[in-house]
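Take a look at the letters that make up each chain.
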Amino acid sequence: MEPEIISTESIKPSSPTPLHLKTHKISLLDQFTHHLYFPIVFYYPFNQDTNLSDPTQINHIVSKRLQLLKQSLPETLSRFYAFAGKIKDTLSIDCNDEGIYFTEARVRSPLSDFFNLPNFTTLNCKFIPFDIKELSGSISGLHVAKIQVTTFACGGLVICACLSHLLGDGITLTSFLKSWVATACENSEGAVHPNNDASSLFPQQENYPKEATWMATNVPFLRKGRFVSRRFLFDAKAIANLKTKATSSLVPNPSRVETVSAFLSKCIMAAFRTKFGSHKPTLLSHVVNLRAKAKPPMSESSMGNIVWIANVLCTNEEEELASLVCRLREAIMEINGDSVKSLQGNEGFLNRVNAVKKVAAMCGASQERITFSSWCNFGLYDIDFGWGKPTWVSPVGLDESVPYFLNNIILTDTRSSDGIEAWVYLLEEDMNILELDEELVTFANLDPNPLR
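Thresholds applied
- Residues numbered from 1 in each chain as written.
- Predicted model: local features only at pLDDT ≥ 70, side-chain atom pairs only at ≥ 80, totals over all residues.
- Heavy atoms only, no water.
- Pairing = 2+ DSSP bridges.
- Helix = DSSP H or I, 4+ residues; strand = E, 2+ residues; numbered from the N terminus.
- Axes fitted to C-alpha atoms, helices over the stretch in contact; angles between N-to-C directions.
- Buried < 20%, exposed > 50% of the residue type's maximum accessible area, 1.4 Å probe, protein only.
- 1 Å grid on protein atoms, 1.4 Å probe; cavity = no way out; pocket = protein on both sides within 12 Å on 5 of 7 lines; lining within 4 Å.
- Points joined across faces, edges and corners; volume = space filled by probe spheres on them.
- Nonpolar A, V, L, I, M, F, W, Y, C, P; charged D, E, K, R; others polar.

An unreviewed UniProt entry annotates the protein chain as Vinorine synthase-like originating from Melia azedarach.

(A) The arrangement of the sheet that holds strand E18 (residues 445-446) in detail. The strand order E12-E11-E13-E16-E17-E10-E18 describes an open sheet built from seven strands, whose pairing is mixed. Both outer strands of the open sheet, strand E12 (307-314) and E18, are each paired with one neighbouring strand and no more. As paired elements, strand E11 (residues 282-289) and strand E13 (residues 368-374) share five bridges and run parallel to each other. Residue pairing across strands places Ser285 opposite Thr371, the latter belonging to E13.

(B) Fine view of the sheet that holds strand E5 (residues 92-94). Across the sheet, three strands lie side by side as E2-E5-E4; this open sheet has antiparallel pairing. Every interior strand has two partners, whereas the edge strands, strand E2 (23-25) and strand E4 (86-89), have only one. Within the sheet, the average angular offset between the axes of one strand and its neighbour, ignoring direction, is 35°. Note: E2 against E5, three bridges, orientation antiparallel. In the strand pairing of E5, His24 is matched with Ile93.

(C) The pairing of E11, seen in detail. Within E11, six of the eight residues are buried, leaving the element largely enclosed by the surrounding structure. Across eight bridges, the pairing between E11 and E12 is antiparallel. Among the inter-strand pairings, Asn289 is bridged to a residue of E12, identified as Val307.

(D) Here's a closer look at empty space enclosed by the protein. With the rule as written, the count across this model stands at five cavities of 30 Å³ or more. Estimates place the volume of the largest cavity at around 70 Å³. Lining the largest cavity are Ser261, Ala262, Ser265, Leu284, Ser285, His286, Ala310, Val312, Leu324, Leu328 and Phe372. Of all the elements in the fold, those that place two or more residues in the lining of the largest cavity are helix H8 (256-276), E11, E12 and helix H9 (321-333). Tallied by class, the residues present in the lining of the largest cavity amount to seven nonpolar, four polar and no charged. The space that makes up the second largest cavity amounts to roughly 50 Å³. Lining the second largest cavity are Trp375, Phe378, Gly379, Leu380, Tyr381, Val393, Thr412 and Asp413. Its residues assigned to classes, the lining of the second largest cavity comprises five nonpolar, two polar and one charged.

Have a look at this one:
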């Protein structure tokens, strides 16, 4: 199942970037984060009406699909010109039109064989077009975005798209993917045009302090050891039952994301309590999209890390699910139009630093941290280049090359869009306890095969 690299190339925009746009300044919000490639992986079966068995015919169709992917990228990149550039430094992207990094790889087995492996959620990290070593050292000259397309013997495709967090968040990458699809399908009306106003709305600060960054607030929570990843699938019925338990007079209609986030928090804190013999104060941190919170709302195609973090500090030994949902909803609602406005203009920098100080104080009162990021409602299962929607969309698992990590959870839609797949990243010893949680296994299916 080891992919064989067939070729690597840089695919350039179809038209040059105008001179006045050659340098893309990152915004104040982007300065909170740092360079880190985050991948989204799409799995496409062959999806032909006729059952082709002739390898020559299959290879011909796959070759045409690869050609379509490559030929539609230049026009897409002419709109998303920063994706075709390279990182200049921690404050800017050099939009030099050198091109997006594109890798073609091949696996000599059928895609179904991959899904039948017991550890496929870990092995999918083999589909990413970057090495873990690229996440350390100098960032100058690194590609902003990378793509790898892996073909399988059955004609199936796996497309992995990666973006540096220095340029944007998951919605930024999703906007690019939707625009790429529209170009491939010759749907000019569906082509997304990125909005680059973030750097003027949230002007950067050259002297932004390192202690006010995401990594700085997380240093106390970095854990060394063997981290593992597991998928917990909550179907529509399980979520409906959990919502019943999570409902209260204050939150009469909890969302899917709120319910699953609170439930997993409760289970993981119970695992910590089993491990340590007593409750450890735990900070629950949930990434919140600011685009819809702004007044007036910002465009969903606004590029950048247009997010903030809602935090809930759990000091009680045991807390009911309804109470956790209520506290999470309250923390998210506190991030509103006024919050977004306070980060804009000349006063934005000082307000940002003060906000990070408040988070740092909460971190100081906590001994553990669990971070949630939701990709739900991104429309990732609509990424259809003309041969059908993906069978599965996922982040990537962890392999043993990761020396340290954070307790982290990524929530994604299921293919039917009414369930949630929770990718949970924990130390192996903590995961071993979590997997034995009787209430958790009642509601969630552990690492199910996406083809079934």
